[in-house]
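Chain by chain, the residues:
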Amino acid sequence: MKRGLAAGIAAVIAVGGCTSGRNSTTDRPSAPAASFAPGAPGAGDPYFPKYGNGGYDVGDYDIKARFDPATGRLDGTATITATATQDLSSFNLDLAHLTASEVTVDGRPATSRAEGNELVVTPPVGLPKGRPFTTVVKYGGVPEPINNEALGKGGWFRTADGAFAVGQPESASTWFPVNDHPSDKATYKLSMTVPDGLEVISNGVPGPRTSADGWTTWNWSEGSPMASYLATVAIGQYRITTSRHGGKPMIVAVPESVPADGPAAKSLARTGEITDFLETQFGPYPFDANGGVVVADDRLDYALETQSRPVYGDTFFSGGENSTVVAHELGHQWFGDSLALERWQDIWLNEGFATYAEWLWQEHEGKATVAESFDRTYSKFEDWSQPTGKPGPDGIFDPAVYDRGAMTLYALRKAMGDAAFAGLLKSWAARNRDGNVTTDEFIAAAKQAAGGVDLDPVFQAWLYGTTKPPRP
Ligand code: ARG
Ligand code: ZN
């Protein structure tokens, strides 16, 4: 799902206006014309050119799968509704380590072949630009995480009693066929069948649960457009707490191995309260559900802002209650999730804002003012050579992105004034809700909100400079 009404209109005009007056959207079972070409095997991200694919735009994923913890096998059917963005002769989906056994496009058998972690699908007839089409992929295998040398492992992790899928910048392609890049947001439905007695937690709103022959099917749906790396699932023995907050389902899950009244459970229990506070800073919470999942596994040494249901590695709570990490992941629901990246280089738009959300929460809690958090960070920050707005593909999780990103926002606030900056945070979130954003768009929005203050020196020094900027 791509934002941009103008682009949508242009596509319609292009389809309607091409060729000799024939309606090119008519389904003619003729051979593809010469203009039909394969979709690109990557979405063209400057940092990760192979991630995602070109030539189409997904609207919805409907995944029905069965996971057997005894064998580690995952078998599923993914129904992917998309629109061609060029005249397509074939297109790629990302699918790592799993095998597609049968593929159809609009109900007709398509040929498919695996090329590394890509599934190349060739439909029997070309797909004209602007045409909606439905791809059904039957697939299966024993999933494995993807290893990125610099950034760590992401994707499907098998555990003693189940599995979980978490990762950034890549994860989804280890458990379903996908256009695995945040620029192509889509809605999601997940129907996951597991042995009776296990729980399944995923994004969004819970649906009905059904049981037959010793297996239980859990249904979840995320109705707001979501970047693929934000899709998550946790399968295992969990204690699920269901309530409502702000009229929306609040679902918190903690492993049975973790104490029900311990620091992890107590920290996640503050999700509603922290959301309420962040709404005063960023505007309305953008999704239909809320909550969180704690995962107890040594391999997960981070938390992730998985949409409407962040996942927290339990190490965050080994020193006691930690509402700061909850504020960070909830801050991402606005910045990172509702406003997703168009390209990974701009990740400070996620992490700088989420770190700033921590500072706001700590001020609210009476622990440290935002100015004190800035001062502490500014005085201990060491490597100013790595620009926040250009951290490099191996540096997307570095302090230059998190700490210097939050310091950039503080410097901006000082330059434009508290009131204008507070207005900018809300208008940025409201105007780009459910969309994709870039740093250049944020700079333009800030300039508009600043009413004549020259912000170029601030962005130049804080986002792109390679030396320590003066204290704002
Ligand atoms: N975005 C996550 C956060 O909330 C961090 C993910 C780190 N990922 C990784 N592969 N190290 O800060
Ligand atoms: Zn973060």
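Since the model is a prediction, treat every value here as computed from it, not as a measurement.

## Considering the packing of helix 7 (residues 399-416) against helix 8 (residues 418-431)
Thinking step 1. Contact geometry of helix 7 with helix 8 gives a least axis separation of 6 Å together with a crossing angle of 130 degrees. Judged by the angle between their axes, helix 7 and helix 8 are oblique. Judged by the sense of rotation from one axis to the other, the crossing of helix 7 with helix 8 is right-handed. Where helix 7 abuts helix 8, its residues Leu409, Leu412, Arg413 and Met416 lie against Asp418, Ala420, Phe421 and Leu424.
Thinking step 2. Here the contact of helix 7 with helix 8 is composed, by residue class, of six nonpolar, no polar and two charged.

## Let's talk about the nonpolar core
Thinking step 1. Counting residues in each nonpolar core, the largest one holds 132 residues, and the members touching the most others are Trp156, Trp175, Phe176, Met192, Leu412 and Phe442.
Thinking step 2. Filtering out sequence-adjacent residues up to four positions away, Phe176 remains in contact with Tyr61, Ile63, Asp94, Leu95, Tyr139, Tyr188 and Ala231.

## Focus: the coordination of the zinc ion (ligand 2)
Thinking step 1. The protein atoms donating to the zinc ion (ligand 2) are His328 (NE2), His332 (NE2) and Glu351 (OE), with metal-donor distances spanning 1.9 to 2.0 Å.
Thinking step 2. Classification of His332 as buried rests on a relative accessible area of 0%.

## Observations regarding the pattern of salt bridges
Thinking step 1. Evaluation of the coordinates by the stated rule reveals 13 salt bridges.
Thinking step 2. In this structure, Lys189 and Asp60 form a salt bridge, with 3.1 Å as the shortest nitrogen-oxygen distance. You can see Lys189 sitting in strand 13 (residues 186-195) and its partner Asp60 sitting in strand 2 (residues 56-68), a full 129 residues away along the chain.
Thinking step 3. Accessibility expressed as a relative area gives 37% for Lys189, which makes it partly exposed.
Thinking step 4. With relative accessibility at 12%, the residue Asp60 sits in the buried group.

## A short note on helix 5 (residues 348-364)
Thinking step 1. When the terminal C-alpha atoms of helix 5 are compared, their 23 Å separation across 17 residues agrees well with the 24 Å that a helix rising 1.5 Å per residue should span.
Thinking step 2. Of all 17 residues making up helix 5, 15 are buried, and the element is well covered by its neighbours.
Thinking step 3. Looking one or two residues past helix 5, Gly366 carries a phi angle of roughly 75 degrees, positive in sign.

## As for the site of ligand 1
Thinking step 1. Around ligand 1 sit Leu151, Gln168, Tyr302, Ala303, Leu304, Glu305, His328, Glu329, His332, Glu351, Phe397 and Tyr402, and that is every residue in its neighbourhood.
Thinking step 2. Leu151 places a main-chain nitrogen or oxygen 2.9 Å from a nitrogen atom of ligand 1.
Thinking step 3. Within the side chain of Glu329, an N or O atom sits 2.8 Å from an oxygen atom of ligand 1.
Thinking step 4. Across the complex, the protein chains shield 88% of the 350 Å² of accessible surface that ligand 1 would expose by itself.
Thinking step 5. Listing elements by their share of the shell around ligand 1, those giving two or more residues are strand 21 (303-304) and helix 4 (323-334).
Thinking step 6. Ranked by residues supplied to the shell around ligand 1, first place goes to helix 4 with three residues.

## A closer look at the pairing of strand 16 (residues 215-226)
Thinking step 1. Within strand 16, nine of the twelve residues are buried, which leaves it mostly tucked inside the rest of the structure.
Thinking step 2. Where strand 13 lies against strand 16, nine bridges are found, and the strand directions are antiparallel. In the strand pairing of strand 16, Lys189 is matched with Ser221.
Thinking step 3. Judged from the six bridges that link them, strand 15 (residues 205-212) and strand 16 form a sheet pairing that is antiparallel. Considered in strand 16, the bridge of Val205 is made with Ser221.
Thinking step 4. In textbook terms, the turn of a hairpin is the stretch between consecutive antiparallel strands, and for strand 15 and strand 16 this stretch comprises two residues, one of which, Asp213, has a positive phi near 55 degrees.

## Focus: the sheet that holds strand 17 (residues 233-236)
Thinking step 1. A sheet is described by the order of its strands in space; here five strands give the open sequence 10-11-12-17-14, paired in antiparallel fashion. In this open sheet, the two strands that pair with only one neighbour each are strand 10 (146-148) and strand 14 (199-202). This sheet shows a mean twist of 20 degrees between the axes of neighbouring strands, independent of strand direction.

## Some thoughts on empty space enclosed by the protein
Thinking step 1. Tallied over the full model, the rule gives two cavities of 30 Å³ or more.
Thinking step 2. For the largest cavity, the calculated volume is near 70 Å³.
Thinking step 3. In terms of lining, the largest cavity is formed by Ile63, Trp175, Tyr188, Leu190, Ser202, Asn203, Trp220, Ser221, Glu222, Met226, Ala231 and Thr232.
Thinking step 4. Among the secondary structure elements, those contributing two or more residues to the lining of the largest cavity are strand 13 and strand 16.
Thinking step 5. Counting residues per element, the lining of the largest cavity draws most heavily on strand 16, at four residues.

How each quantity is defined
Residues numbered from 1 in each chain as written. Chains lettered and ligands numbered in written order. Predicted model: local features only at pLDDT ≥ 70, side-chain atom pairs only at ≥ 80, totals over all residues. Heavy atoms only, no water. Axes fitted to C-alpha atoms, helices over the stretch in contact; angles between N-to-C directions. Helix = DSSP H or I, 4+ residues; strand = E, 2+ residues; numbered from the N terminus. Parallel < 35°, antiparallel > 145°, perpendicular 65-115°, else oblique. Left-handed = near helix turned anticlockwise from the far one by under 90°. Contact = heavy atoms within 4.5 Å. Nonpolar A, V, L, I, M, F, W, Y, C, P; charged D, E, K, R; others polar. Core = buried A, V, L, I, M, F, W, Y, C linked by side-chain atoms within 4.5 Å. Buried < 20%, exposed > 50% of the residue type's maximum accessible area, 1.4 Å probe, protein only. Donors = N, O, S within 2.8 Å, 3.2 Å for Na, K, Ca; no water. Salt bridge = Lys/Arg side-chain N within 4 Å of Asp/Glu carboxyl O. Expected span 1.5 Å × (residues − 1). Near = heavy atom within 4 Å. Polar contact = N/O pair within 3.5 Å; in protein donor to acceptor, adjacent residues only side chain to side chain. Areas by Shrake-Rupley, 256 points an atom, 1.4 Å probe, with all protein chains shown as cover. Pairing = 2+ DSSP bridges. 1 Å grid on protein atoms, 1.4 Å probe; cavity = no way out; pocket = protein on both sides within 12 Å on 5 of 7 lines; lining within 4 Å. Points joined across faces, edges and corners; volume = space filled by probe spheres on them.

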